[in-house]
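Each chain, letter by letter, is given below.
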Amino acid sequence: MALQGPEEVGEQVEEPEDLDDQDASSISPAEEITLPPGPGGEEEAEEAFLLPWDRFSSWLHCICVVGFDLELGQAVEVIYPHHSKLSEKEVSLTLLCFISCLGDTQFCFRFRQGSNRKSSLGCFLENTDRDAPPCLKREQGHYYGYVYFRQVRDKSLKRGYFQKSLVLISKLPYVTFFHSLLKIMAPEYFEKQEPCLEAACNDMDRWPPPHPGRVLTLPIMGVVIKVRIPTCYDKPGTSQLVQSTQSDSLVSIVLPTIHEVDLFRCFHPVFFHIQMLWELVLLGEALVVMAPSPAESADTVLALVSCISPLRYCSDFRPYFTIHDSEFKEYTTRTQAPPSVILGVTNPFFAKTLQHWPHIIRIGDMKQAGELAKHMKVKKLKNLKTLDSKPGVYTAYKPYLNKDEEIIKQLQKGVQQKRPSAAQNAILRRYFLELTQSFIIPLERYVASLMPLQKSISPWKSPPQLRPFVQQDFMKTLEKAGPQLTSRLKGDWIGLYRHFLKSPNFDGWFRSRKREMTQKLEALHLEALCEEDLQQRIQKHTEVEAVDLVLKLKDKLSQAEREQLPLRPGTLSKLRAHIEAVILALPEDLQGILHKPPTS
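Residues numbered from 1 in each chain as written. Predicted model: local features only at pLDDT ≥ 70, side-chain atom pairs only at ≥ 80, totals over all residues. Heavy atoms only, no water.

In the annotation of an unreviewed UniProt entry, the protein chain is listed under the name DENN/MADD domain containing 6Aa and assigned to Cyprinodon variegatus. The record held by UniProt for the protein chain lists under Sequence similarities (unreviewed entry) the comment "Belongs to the DENND6 family." (UniProt positions renumbered as here; feature names shortened; annotations may be inferred.)

The next thing to look at is the packing of aromatic side chains. Per the counting criterion, the structure on display carries 39 aromatic pairs. Ring geometry for Trp-53 versus Phe-56: centroids 5.5 Å apart, planes at 90 degrees, classification edge-to-face. Since its relative accessible area comes to 0%, Phe-56 is described here as buried. Three or more aromatic residues joined by ring pairs make a cluster, and in this case those are Trp-278, Phe-439, Tyr-446, Phe-469, Phe-474, Tyr-497, Phe-500, Phe-506, Trp-509 and Phe-510. A cation over a ring is seen here: Arg-110 above Phe-317, with NZ or CZ 4.0 Å from the ring centre. (Phe/Tyr/Trp six-rings, centres within 6.5 Å; stacked < 30°, edge-to-face > 60°. Buried < 20%, exposed > 50% of the residue type's maximum accessible area, 1.4 Å probe, protein only. Lys NZ or Arg CZ within 6 Å of the ring centre and 35° of its normal.)

For the rest of this paragraph, the subject is empty space enclosed by the protein. Gaps left between atoms show up when a probe the size of a water molecule is rolled over them. What the rule picks out here adds up to one cavity of 30 Å³ or more. Considered as a void within the structure, the largest cavity measures approximately 40 Å³ in volume. Surrounding the largest cavity, Thr-128, Asp-129, Ala-132, Leu-136, Arg-138, Leu-172, Tyr-174, Pro-210, Pro-212 and Ile-229 form its lining. When grouped by side-chain class, the residues that make up the lining of the largest cavity number seven nonpolar, one polar and two charged. (1 Å grid on protein atoms, 1.4 Å probe; cavity = no way out; pocket = protein on both sides within 12 Å on 5 of 7 lines; lining within 4 Å. Points joined across faces, edges and corners; volume = space filled by probe spheres on them. Nonpolar A, V, L, I, M, F, W, Y, C, P; charged D, E, K, R; others polar.)

For the rest of this paragraph, the subject is the pattern of salt bridges. One pass over the full model with this rule turns up 26 salt bridges. The salt bridge partner of Arg-318 is Asp-325, with a shortest N-O separation of 3.3 Å. Just as Arg-318 is buried, Asp-325 falls in that class too. Between Arg-488 and Asp-404 there is a salt bridge, with the nearest N and O atoms lying 2.9 Å from each other. (Salt bridge = Lys/Arg side-chain N within 4 Å of Asp/Glu carboxyl O.)

Here we take up unusual backbone geometry. In the segment running from Tyr-80 into Pro-81, the intervening peptide bond is cis, with an omega of -15 degrees. On the secondary structure map, Pro-81 appears in the loop between strand 3 (73-80) and helix 3 (88-93). Of the consecutive residues Ser-309 and Pro-310, the connecting peptide bond is found in the cis state with omega at 15 degrees. Phi is positive for Met-221, which is not a glycine, with a value near 50 degrees. One can find Met-221 in the loop between strand 7 (215-220) and strand 8 (223-228). (Helix = DSSP H or I, 4+ residues; strand = E, 2+ residues; numbered from the N terminus.)

With that settled, the discussion passes to the pairing of strand 13 (residues 341-345). Every other side chain in a regular strand lies on the same face of the sheet, so the side chains alternate between the two faces. Within strand 13, five of the five residues are buried, which leaves it mostly tucked inside the rest of the structure. Where burial is concerned, the two faces of strand 13 agree: the one with Val-341, Leu-343 and Val-345 and the one with Ile-342 and Gly-344 are both buried. Pairing between strand 11 (residues 287-290) and strand 13: four bridges, direction parallel. Bridge pairing links Val-289 to Gly-344 in strand 13. When strand 12 (residues 316-318) meets strand 13, the two strands line up parallel, connected through three bridges. Looking at strand 13, one finds that Phe-317 is bridged to Ile-342. (Pairing = 2+ DSSP bridges.)

With that out of the way, let us pick up the sheet that holds strand 7. Reading across the sheet, the three strands line up as 7-8-10 and stay open at both edges, with mixed pairing between neighbours. Each of the sheet's edge strands pairs with one partner strand only, and the pair in question is strand 7 and strand 10 (253-254). With six bridges connecting them, strand 7 and strand 8 associate as antiparallel partners. Bridging from a neighbouring strand, Val-215 pairs with Arg-228 of strand 8. Relative to the sheet, helix 5 (residues 175-192) contacts strand 7, strand 8 and strand 10, its axis offset from that of strand 8 by approximately 180 degrees. (Contact = heavy atoms within 4.5 Å. Axes fitted to C-alpha atoms, helices over the stretch in contact; angles between N-to-C directions.)

Another point: the packing of helix 13 (residues 421-448) against helix 16 (residues 504-530). Closest axis-to-axis distance for the helix 13/helix 16 pair is 12 Å, and the angle between their directions is 40 degrees. For the element pair helix 13 and helix 16, the recorded crossing hand is right-handed. For the pair helix 13 and helix 16, the contacting residues are Ile-440, Leu-443, Glu-444, Val-447 and Ala-448 in the first and Phe-506, Trp-509, Phe-510, Arg-513 and Met-517 in the second. (Left-handed = near helix turned anticlockwise from the far one by under 90°.)

Attention now goes to the sheet that holds strand 11. A sheet is described by the order of its strands in space; here five strands give the open sequence 12-13-11-14-15, paired in mixed fashion. Of all strands in the sheet, those bounded by a partner on one side alone are strand 12 and strand 15 (392-395). This sheet shows a mean twist of 15 degrees between the axes of neighbouring strands, independent of strand direction. Helix 8 (residues 274-282) contacts strand 11, strand 13, strand 14 (359-362) and strand 15 of the sheet and is inclined by roughly 50 degrees relative to strand 15.

Structure, rendered in structure tokens:
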């Protein structure tokens, strides 16, 4: 959805909400949010048609158990449900979930979906995705692997160790939720084995699908989790917390967020450079994070991706990348420039293999995040030669914007005063939100001006087209309506915009906005058509023209249902009534033909 764009087409463009009124750290109780019903019918009716395992599949693709075989090495031992399938390439990627670390460890990775894979839930999942914020929409070409790995000494085993991973494979980026789920499932599974996993899958197949805006109560293995899936209608920067009520006596866990990582903990080793890192992510630059563990690698990459929220990061990112990844050769080759991707790695081998990358973040142990970080200068890439290189940011990049000393002082003061981590995280999240909004509002304002006026929409002509995005025209608007209206930061904003307009993030954002605005024009056109007296109009036309009108109206109806057009309530019912009235005004033989459902 649009970040700050106007909702209606007209003479005046609605100005964005004042940023001063937006408290990014404020928390409001969960409300009963009424979302627009899907044009294709009520969601409850859709759910009535779900088959066994469809509810499970709306959350997870499958659950894998990966163990260690003395002869075969790492191997997938079990896939649940049993009918679920992974391609050979996808199975090999589940081997990413084996690490050399004693005890219990949780992290996640992301990998490309195998080709020719189709979902039987396509239309249904589109409905659940429709109201999700950009960063929480279902992945189209990738899966997430959420891992709970256990390695403990066990003298009864030949190898002397018990080593096993429980992995949840999903297209949903609900990192916090799935890690919380694994904390319940994995210890039980390691103790009781397969029957316990089968029971968990059956529990999940009774869950309601993950509809944005709903407060969901999800029972799993005797524990009840209560969550709320955010919507694109939520005020940016707020957290619609699920509040406990008296009727919640059976609820064991209430999750305040399903996806957010602790930004301050992740950026603490390099927080003197957070503004430069924001620029690098915004511009889709090639970045590699070298971390001491998969958990720290994954969390840092996810923090980087989320720092430009509510803008969606449109390039590839791998929270935990290893030599087993199918894109290993593609991403490490020296024959071409590094791609627009963020990689998180732990293997010291990458210190040499990725030495040619333009921007490298090396982080230390996050467990020391309570200590005051030393002021670190940006280091030159040529200094990153040894495996024991110090933590820091290694790059030759020169930021476009002047450094914001205020946020650094605020965070440093918080560390000195032992401010709670949640408060530090809220300050940093608010800072990134305001920075991104200041940057994107001028773009939203200009793109909104490309919409044709509502009075130019005629029911008997095709919907008008959007005017093209002209970079030069946009740049002219920045002098009077640029980010200086909402941001105190000085610097080369023009240069930053020029660079951004060439990036995958701009391409993805503009495609999304263009699609939304085109659908808005289609919706306004359809609403105008429904206000016409069609019966009176067809009296002046031939039967052939009346039949042609019916066919065109049916196409419009199919398009509205297929594309989930943002129509006023009752528009589709009115359109169906119009179609029926026109058909009934025709001879009976034509009525019979037009009432027949189309054959595909």
